[in-house]
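# Breakdown of the fold
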Amino acid sequence: MPYPPLPAVATRALRLIFGALLLPVITATASEEARYTDSHLHTVDFFQQGAPLETLLSAMDAAGVGNAMVSGMPLMKKWHENEPKRPDTYAGDDAGVYWFSATDAYLAESLEALAPAQRDRLHPFLSGFNPTDKNADLHLQKMTELYPGLWQGIGEVITRHDDLTALTEGETPRANSDAMFRVYRYAGHNGLPVLLHSNITSKRERNPLYAGEVEAALARFPDVNIIWAHAGTSKTLHRHQGTMAFLLPEITRILETYPNLYIDLSWSVLRPYLLDSNDQPVSGWVALVSRFPDRFMIGSDLLGKYGRLGEKLAEFEPFLQALPKEVAHQVARGNFLALLPTRGVCPQHVARCSQARCVQGTPKRRLADVAAYFR
Ligand SMILES: [Zn+2]
């Protein structure tokens, strides 16, 4: 038998019923008044540890975040035999990191324990696969069968990521591998957006060395909406290169060329690109976001700890306030939601897919429909 048996449906149903009775139901008020959608958030860190989702929901209420993308973490840091102290970041010592598929099951199980009104505010993405393995799409299929109707996207897929890539065991992933093409094909068949981390270059090359890998994916899968995490930047790139002068013209060119490209502006883009050293909005980026008002979004990129959620998103305010008001609304909360399928993805031939939350062939949500999230 190629797969282990499905988990006991009855157990899960009981847990859902009792979970709904025991957990406080979040009022609709939080979503109606929400300023933000967090389009990039991890519920665990590089050790697969994270605070309970109830903590996240409380932090969202306090920070004016109505909805959030939630993703596990596809990589696990090893506590190596040679290391006397347990590391607390992936860069804590020289030990490797490895691909960790259980992250998706951890996320699914914690979501299934929430009350439906709580779960509706969280939008889970599948990330627990090795992007150099052509079996990656089998994992997506399997997780869809185990949790029909749950998943709303794929990512954060981690390909080019400077020091993290150097510590990752096995081959270096890239956005245009055959394995990733199979992942995009799965995304396309199911109307799922893909959040992709691919640094635009290496630590030393002062040119868009890896942009072509992302472009190849965009060109080959025009029906797949790809969200480029951090616009191809990273803190490590910044440390080595300073401000990359080619970033704005390159992102502009690629946005012009590929209508299926979306940009996550989360933190490593914020400074020094969106805001200068005096925290003033940079006019070139204000103009670009205003020119493509439905292509940009913001996120916290937190890893299982949510105490700084409000602070991380409020840091975007000087930039958001430099945008036309309606564009700021779209970037702050609407654009990410517009990319989600109307329902989570369901397997093609599974009886459990008759559940109310499963529908086949879900169309992509249009921006005009986003208001439904705030009712
Ligand atoms: Zn991330």
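About the criteria used
- Every chain begins its residue count from 1, and numbering advances along the sequence as written.
- For a predicted model such as this one, the threshold for reporting local features is a pLDDT of at least 70, and the threshold for listing and counting side-chain atom pairs is 80 or more; totals across whole chains, interfaces and linings nevertheless cover every residue.
- In DSSP terms, a helix is any run of H or I states spanning at least four residues, a strand is any run of E spanning at least two, and both are numbered starting from the N terminus.
- Residues with at least 20 neighbouring C-beta atoms inside 10 Å of their own are called buried, those with 12 or fewer are called exposed, and the rest are partly exposed, where every C-beta is derived from the backbone.
- Note on contacts: residues are paired as contacts if their backbone-placed C-beta atoms lie within 7 Å.
- Any two strands with at least two DSSP bridges between them are considered paired.
- The definition of a right-handed crossover adopted here requires that, viewed with the strands pointing away, the path from the first strand over the helix to the second runs clockwise.
- The arc under discussion is defined with respect to the helix axis, by the directions toward the C-beta atoms.
- A fitted line through C-alpha atoms serves as each axis, taken over the contacting stretch for helices, and the angle formed by two N-to-C directions is quoted from 0 to 180°.
- In what follows, roughly perpendicular refers to angles from 65 to 115 degrees, roughly parallel to angles under 35, roughly antiparallel to angles over 145, and oblique to any angle outside these ranges.
- Basically, the charged four are Asp, Glu, Lys and Arg, the nonpolar ten are Ala, Val, Leu, Ile, Met, Phe, Trp, Tyr, Cys and Pro, and anything else, Gly included, counts as polar.
- Each residue carries a pLDDT score, the predictor's own confidence in it, on a scale running from 0 to 100.
- Buried Ala, Val, Leu, Ile, Met, Phe, Trp, Tyr and Cys residues form a nonpolar core when they are connected through C-beta atoms within 7 Å.

Our focus in this paragraph is the overall build of the protein chain. Broken down by element type, the protein chain carries 16 helices and 10 strands. A total of 375 residues make up the protein chain; the buried ones form 46% of that total. Considering only contacts within the protein chain whose residues lie at least 6 apart along the sequence, 80% involve residues at least 24 apart.

Neither face of strand β7 (residues 194-197) is left uncovered, since the one carrying V194 and L196 and the one carrying L195 and H197 both have all their residues buried. By the bridge criterion, 3 bridges tie strand β6 (residues 153-158) to β7 in an arrangement that is parallel. Each bridged residue has a counterpart across the sheet, and for V157 the counterpart in β7 is L196. One ladder, built from 3 bridges, connects β7 with strand β8 (residues 226-228); its direction is parallel. Bridge pairing links L196 to W228 in β8. Note on the crossover from β7 through helix α9 (residues 211-220) to β8: the handedness is right-handed.

If you trace the 8 strands from one edge of the open sheet to the other, you get β1-β2-β5-β6-β7-β8-β9-β10, paired in parallel fashion. Each edge of the open sheet is held by one strand with a lone partner, namely β1 (36-38) and β10 (296-297). Relative to strand β5 (residues 122-126), strand β2 (residues 65-71) is paired through 4 bridges, and the arrangement is parallel. Bridged to S71 within β5 is F125.

On to helix α6 (residues 136-146). Of the residues making up α6, those classed as buried are A136, D137, H139, L140, M143 and T144. Taken end-on, α6 shows its buried residues confined to a sector of 155°, consistent with a single buried face.

It is worth spelling out the environment of L75 at this point. Relative to the elements of secondary structure, L75 occurs in strand β3 (residues 75-77). On a C-alpha basis, the gap between L75 and Y90 in space is 9.3 Å, while along the polypeptide they are 15 residues apart. Contact partners of L75, with chain neighbours within four places excluded, come to F46, V97, Y98, W99, F100, I158 and T168.

With that settled, consider the packing of α6 against helix α8 (residues 178-190). For any two helices packed against each other, the geometry is given by the interaxial angle and the distance between the axes. In the contact formed by α6 and α8, the axes pass within 8 Å of each other and the chain directions differ by 30°. Viewed along their axes, α6 and α8 adopt a mutual orientation that is roughly parallel. Note on element contacts: α8 touches α6 through A179, R182, V183 and Y186, opposite A136, D137 and L140. Here the residues of the contact of α6 with α8 sort into 5 nonpolar, no polar and 2 charged.

Within a regular strand, side chains alternate between the sheet's two faces. Residues L261 and I263 line one face of strand β9 (residues 261-264) and the alternating positions Y262 and D264 line the opposite face, and both faces are buried. Bridging between β9 and β10 involves 2 bridges; their strand directions are parallel. Within β10, the position partnered with D264 by the bridge is M297.

Our focus in this paragraph is the confidence of the model for the protein chain. Predicted coordinates in regions of low pLDDT should not be interpreted in detail. Taken as a whole, the protein chain shows an average pLDDT of 87; of its residues, 84% reach a score of 70 or greater. Low confidence marks residues 1-31, where pLDDT is under 50. Its contacts with residues over four positions away, or in another chain, come to 28 contacts.

Formed by 98 residues in total, the largest nonpolar core has its most connected members in I154, V194, L196, I226, W228, L265 and V331. Sort the elements by how many residues they give to this core and helix α16 (residues 325-338) lands first, with 7 residues. Contacts of I154, omitting those with residues within four sequence positions, involve F125, L126, L140, V183, A187, L192 and V194.

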